[in-house]
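Letter by letter, the chains look like this.
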Amino acid sequence: DQIAAVEAACRARFNSVPRPAWIQTSTGGSMLRFASNIIFSNGEKDPWRTGAPQSNQLGPDVVLMEIPDAAHHEDLRFTVREDPPSVAVAKRKELAYIKRWLGLDARTAGHVDDAGDIVI
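Criteria and thresholds
- Residues numbered from 1 in each chain as written.
- Predicted model: local features only at pLDDT ≥ 70, side-chain atom pairs only at ≥ 80, totals over all residues.
- Heavy atoms only, no water.
- Helix = DSSP H or I, 4+ residues; strand = E, 2+ residues; numbered from the N terminus.
- Buried < 20%, exposed > 50% of the residue type's maximum accessible area, 1.4 Å probe, protein only.
- Contact = heavy atoms within 4.5 Å.
- Areas by Shrake-Rupley, 256 points an atom, 1.4 Å probe, with all protein chains shown as cover.
- Core = buried A, V, L, I, M, F, W, Y, C linked by side-chain atoms within 4.5 Å.
- Patch = residues over 30% accessible without salt bridge, like charges linked within 9 Å, V, L, I, M, F, W, Y side chains within 5 Å.
- Salt bridge = Lys/Arg side-chain N within 4 Å of Asp/Glu carboxyl O.

## Regarding the overall build of the protein chain
- Of regular secondary structure, the protein chain possesses three helices and four strands.
- Burial statistics for the protein chain: of 120 residues in total, 28% are counted as buried.
- Summarising the internal contacts of the protein chain: among those between residues at least 6 apart in sequence, 53% fall at separations of at least 24.
- For the protein chain, the exposed area adds up to about 8,300 Å²; of that, 56% sits on carbon and sulfur atoms.

## Topic: the nonpolar core
- With seven residues, the main nonpolar core is built from Val 63, Met 65, Ile 67, Ala 70, Val 87, Ala 90 and Trp 101.
- Contacts of Val 63, omitting those with residues within four sequence positions, involve Ile 38, Ile 39, Phe 40, Tyr 97 and Trp 101.

## Some details on a nonpolar patch on the surface
- On the surface, Ile 98, Leu 102 and Leu 104 cluster together into a nonpolar patch covering about 280 Å² of accessible area.
- Note on placement: Leu 104 falls in the loop between helix H3 (85-102) and strand E3 (111-112).
- A relative accessible area of 42% places Leu 104 in the partly exposed class.

## Re unusual backbone geometry
- Of note, Asp 69 is a non-glycine position whose phi angle comes to about 60°, a positive value.
- Mapped onto the elements of the fold, Asp 69 is located in the loop between strand E2 (61-67) and H3.
- Take Asp 69: its relative accessible area is 41%, and that puts it in the partly exposed class.
- The backbone phi angle of His 73 is positive, close to 45°, even though this residue is not glycine.
- Within the secondary structure, His 73 sits in the loop between E2 and H3.

In structure tokens form, the structure reads like this:
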């Protein structure tokens, strides 16, 4: 169990344990099934992903995305050549969700270029 491993490591190193349910508590917990237009993106290398909401707790317009080879909020940073391809894909997906939620047509509201940058 990943949460148990994180708890054991924190206890050994910091003499403290994390609160695995804190993310759910601070973001509305089970009420997320009634939320909409939220993207929870979690990099595979992100230690915070352990506490991310689970897909069975989310409403139909709340997206849970795990990004392979990505670090904490790497998808929110400016695009650089060293970005893993998975980050560019995640940026395109996130942009598509946001455009859909805003009712924007991808052909007229801008797009993501080959480097993953948003072009408006």
